[in-house]
Amino acid sequence: RWKVSGERREASTRAVELALDLFVGEYGNLPVQQVTRDMGDRFRAYLLGIEGAASKTSSDRFDAVKYLLLYAAREVEWIPKNPWDRLAIKSRTEAPRRPWTRPELTALFGLPIYTRYEVPMLTDAGADAAYWIPLLALFTGAGVSELAQMRASDVVLDGESSRIRITVEGEGQETKNEHRVREVPIHSELVRLGFLDHARAIQSHGCASLWPALRLRKLKAGGHFSEWFSVMRKKPPLNFGQYPDFHCFRHSVRTLLSQADTGQIVKDYITGHARVGNAGDRVYTYVPPFPQLRRGVESIQYPGLDLPRVEVAPVSRTPYPLERRSPR
């Protein structure tokens, strides 16, 4: 009812739906009259207990459900008052994310997943996805959900012009905003490691998803993968703290593009950032020529990070019994 009561931004609607899904997952799909203040207090504690969630994110999710209760009370009078009135999560200023350091990258990509292709047989990790998604993020700056939702057809195999498509064309595919739709050249290091071979094998097998073994989450495709990655990076032998997290790959790419004096338009397009400048610059879409994009992507270099090429067939195509849980 709230969704059709006025013009809603798609991103806002998705955020509210995600928050509501979290609430329903804890308490069931209750009639709104049965939502109590005690549930609000317990839901607040649940949100604050989600591993890796920033306090601002928890606050936004709590307020989203609280806003629906306010709508039910004030606008349609389905309940006499908002039972969560004056309940809130205080958000604090989070420490800014940062790029990965060289020792951190060496430790991460020194794991058997990346040196011997010992990929985890868990649907949250997605077998081949556990190997390729962090590497794609390392050389594209794409977000975890952008990569998790990729279909086999989103890898365009075209020789020197091969590229990945971050798109909303497929069923269930979404981006944070319109600036995130883009086509990014595939870095030569990804080619050397065999990414095109992986994509070619998946396409020849007729799979729709680029990661057939990966379990996707509604409204946030990479949610399960993100949880697996968060647990993995905090466990031995890595034992990382709050940072670096997956989003720090994006900061690494942005930093390297800036250090290479990549033009602002090219840098924004590769990473899917909103364009800066006057109104005309922001409104009119301009896609930089492919050679410019390729030069920008190839400027993303990690000296000293020498990854071995592992010759394997995609695990996603084999009938391994994958487990639907995270390694907590």
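What comes next concerns the included structure. Within each chain, residue numbers correspond to sequence positions counted from 1 in written order. Restriction of local features to residues with pLDDT of at least 70 applies here, the model being predicted, together with a cutoff of 80 or more for giving and counting side-chain atom pairs; totals for whole chains, interfaces and linings are based on all residues. Water and hydrogen atoms were dropped before computing side-chain values, which therefore reflect all heavy atoms in the structure.

1. Examining the overall build of the protein chain
Moving on, step 1. Labels follow the DSSP assignment, with helices taken as runs of H or I lasting at least four residues and strands as runs of E lasting at least two, numbered in each case from the N terminus. Each helix and strand counted, the protein chain has 14 helices and 3 strands in total.
Moving on, step 2. Here, residues are in contact when the closest pair of their heavy atoms is within 4.5 Å. Partitioning the contacts of the protein chain with sequence separation of at least 6, the portion at a separation of at least 24 is 67%.
Moving on, step 3. Of the roughly 16,700 Å² of accessible surface on the protein chain, 51% is carried by carbon and sulfur atoms. All accessible-area figures derive from a Shrake-Rupley calculation using a 1.4 Å probe, and residue coverage is judged against the displayed protein chains alone.

2. Quick word on the layout of surface pockets
Remark: the empty space left among the atoms is shown by a probe the size of a water molecule rolled over them.
Moving on, step 1. Looking at the second largest pocket, its volume works out to about 460 Å³.
Moving on, step 2. Method remark: on a 1 Å grid restricted to protein atoms, a set of points is classed as a cavity if a 1.4 Å probe fits but cannot get out and as a pocket if it is open with protein on both sides within 12 Å along at least five of seven lines; lining residues have an atom within 4 Å of a point. Every residue lining the second largest pocket is counted, 20 residues in all, and those nearest its centre are Leu-20, Val-32, Leu-68, Leu-69 and Trp-78.
Moving on, step 3. Elements with a minimum of two residues in the lining of the second largest pocket: helix 1 (10-27) and helix 3 (55-74). Grid points are joined across faces, edges and corners, and a volume is the space filled by probe spheres set on the points.

3. Quick look at the side chain of Arg-182
Moving on, step 1. As for its position among the elements, Arg-182 is in strand 3 (residues 182-185).
Moving on, step 2. In protein, a polar contact means a hydrogen-donor-capable atom and an acceptor-capable atom, both N or O and within 3.5 Å, with residues adjacent in sequence counting only if both atoms are side-chain atoms; elsewhere, any N or O pair within 3.5 Å suffices. A polar atom in the side chain of Arg-182 sits 2.9 Å from the backbone oxygen of Ile-270.
Moving on, step 3. Filtering out sequence-adjacent residues up to four positions away, Arg-182 remains in contact with Ala-142, Glu-146, Ile-164, Arg-165, Ile-166, Arg-250, Tyr-269, Ile-270, Thr-271 and Gly-272.

4. Some details on the sheet that holds strand 1 (residues 155-156)
Moving on, step 1. Here we have 3 strands laid out as an open sheet, ordered 1-2-3, and antiparallel in their pairing. A strand with exactly one partner marks an edge of an open sheet, and here the two such strands are strand 1 and strand 3.
Moving on, step 2. Packed onto the sheet, helix 14 (residues 290-298) meets strand 2 (163-166) and strand 3 and runs at close to 60 degrees relative to strand 3. Each pair of strands is called paired provided DSSP finds at least two bridges between the two strands. Axis geometry follows a simple rule: fit a line to the C-alpha atoms, using only the stretch in contact for helices, then measure angles between N-to-C directions, giving values from 0 to 180 degrees.

5. Some words on the packing of aromatic side chains
Moving on, step 1. Only Phe, Tyr and Trp rings are paired, with Trp represented by its six-membered ring, and only when their centres lie within 6.5 Å; those with planes under 30 degrees apart are stacked, over 60 edge-to-face, the remainder tilted. In total, this model carries 22 aromatic pairs according to the counting rule given.
Moving on, step 2. What links up through ring pairs into an aromatic cluster is the set Trp-100, Phe-225, Trp-228, Phe-229, Phe-240, Phe-246 and Phe-249.

6. Some remarks on the pattern of salt bridges
Moving on, step 1. Put simply, a salt bridge is a Lys or Arg side-chain nitrogen that is within 4 Å of an Asp or Glu carboxyl oxygen. Enumeration over the complete set of coordinates arrives at 19 salt bridges.
Moving on, step 2. Close ionic contact of Glu-146 with Arg-182 constitutes a salt bridge, the shortest N to O distance being 3.0 Å. Remark: Arg-182 occurs in strand 3 and Glu-146 occurs in helix 7 (residues 144-148); sequence separation between them is 36 residues. Here the two residues Glu-146 and Arg-182 agree in accessibility, since each one is buried.
Moving on, step 3. The closest approach of N and O atoms between Arg-165 and Asp-154, which form a salt bridge, is 3.0 Å. Placement of the pair is Arg-165 in strand 2 and Asp-154 in the loop between helix 7 and strand 1, with a sequence separation of 11 residues. Pair check on accessibility: Arg-165 and Asp-154 agree, each one buried.
Moving on, step 4. Connected through salt bridges with shared partners, the residues Asp-154, Asp-158, Arg-163, Arg-165 and Glu-183 form a single ionic network. Partly exposed residues are those whose accessible area sits between 20% and 50% of the maximum for their type, while under 20% is buried and over 50% is exposed, using a 1.4 Å probe and protein chains only.

7. Things to note about the nonpolar core
Moving on, step 1. Counting 65 residues, the largest nonpolar core has Leu-108, Phe-109, Phe-195, Trp-211 and Phe-249 as the members making the most contacts within it.
Moving on, step 2. In terms of residue count, helix 6 (residues 128-140) provides more of this core than any other element does, 10 residues in total.
Moving on, step 3. Apart from residues no more than four positions distant in its own chain, Trp-211 is found in contact with Asp-128, Ala-129, Trp-132, Ile-133, Leu-136, Leu-147, Ala-148, Met-150, Phe-195 and His-198.
Moving on, step 4. Counting residues in hydrophobic clusters, the runner-up holds 23 residues, among them Ala-19, Leu-22, Tyr-71 and Ile-79. To define a nonpolar core, start from buried Ala, Val, Leu, Ile, Met, Phe, Trp, Tyr and Cys residues and group those joined through side-chain atoms within 4.5 Å.

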